[in-house]
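Read off the chains here:
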Amino acid sequence: MTAGPSSFRVHVADQVLAVLAEAAPMPLSTPQIQDRTGYSLRAGYGALVYQVLTRLAAAGQVERSAAPGVKPVYWRTLAAPVALPPLTVCTDQDRGRPS
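What counts and how
- Residues numbered from 1 in each chain as written.
- Predicted model: local features only at pLDDT ≥ 70, side-chain atom pairs only at ≥ 80, totals over all residues.
- Heavy atoms only, no water.
- Phe/Tyr/Trp six-rings, centres within 6.5 Å; stacked < 30°, edge-to-face > 60°.
- Buried < 20%, exposed > 50% of the residue type's maximum accessible area, 1.4 Å probe, protein only.
- Helix = DSSP H or I, 4+ residues; strand = E, 2+ residues; numbered from the N terminus.
- Expected span 1.5 Å × (residues − 1).
- Arc of directions from axis to C-beta.
- Contact = heavy atoms within 4.5 Å.
- Pairing = 2+ DSSP bridges.
- Axes fitted to C-alpha atoms, helices over the stretch in contact; angles between N-to-C directions.

Enquirer: Break down the packing of aromatic side chains for me, citing the residues and quoting the values.
Expert: Scanning the entire structure with this criterion turns up four aromatic pairs. Consider the rings of Y39 and Y45, whose centres lie 5.2 Å apart with planes at 80 degrees: the pair is edge-to-face. Overall, the relative accessible area of 11% leaves Y39 in the buried class. With a centroid separation of 6.0 Å and 75 degrees between ring planes, the pair formed by Y50 and W75 is classed as edge-to-face. Here W75 lies in strand β3 (residues 74–77) and Y50 lies in helix α3 (residues 46–58), a separation of 25 residues in the sequence. Residue classification places Y50 among the partly exposed residues on the basis of a relative accessible area of 33%. In this structure an aromatic cluster arises from ring pairing among F8, Y39 and Y45.

Put into structure tokens, the structure is as follows:
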């Protein structure tokens, strides 16, 4: 039986997806994603980001685009952006702060 991804890898995947969603619809290169998440080669996490990206691609959450044998590889999210409703302000004057 294989174990699921660690909570740290899930955290990194969430950060990667957030970075890609922020840049959508433009693709980002692997080094750009590493820099924006803070998990760069300098910090020793470069391979982790690439592994997370390939797993997300296998799951159909991101798309990989690159010419064969050419670096860097570019990635973009495949998830549709979610439009959140605007924030509302409570204007009920009867709802004051408790004293």
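Enquirer: Lay out helix α1 (residues 7–23) with the relevant residues and their values.
Expert: In an α-helix there are 3.6 residues to a turn, and that puts residues three or four apart on one side. Taking 1.5 Å per residue as the helical rise, α1 with its 17 residues ought to reach 24 Å, and the 25 Å between its terminal C-alpha atoms agrees with that figure. Within the sequence span of α1, burial applies to V12, A13, V16, V19, L20 and A23. Considered in projection along α1, the buried side chains sweep an arc of 125 degrees and stay on one side of the axis. Across α1 from its buried face, at more than 90 degrees, point the exposed residues S7 and E22. Contact partners of the buried residues in α1: β1 (28–29), α2 (30–37), α3, β2 (62–65) and β3.

Enquirer: Account for the pairing of β3, naming residues and giving values.
Expert: Taking every second residue as pointing to the same face, the buried face of β3 carries W75 and T77, while none of Y74 and R76 on the other face is buried. Sheet topology places β1 next to β3; two bridges connect them, and they run antiparallel. By the bridge assignment, L28 is partnered in β3 with W75. Pairing geometry for β2 and β3, over four bridges, is antiparallel. Within the sheet, the bridge partner assigned to R64 lies in β3 and is W75.

Enquirer: Kindly report on the sheet that holds β1, identifying the contributing residues and their values.
Expert: Overall, antiparallel pairing links the three strands, which are arranged β1-β3-β2 in an open sheet. Only two strands of the sheet have a single neighbouring strand rather than two, namely β1 and β2. Sheet strands in contact with α1 are β1, β2 and β3, and its direction is about 85 degrees off that of β3.

Geometry only, nothing functional implied.
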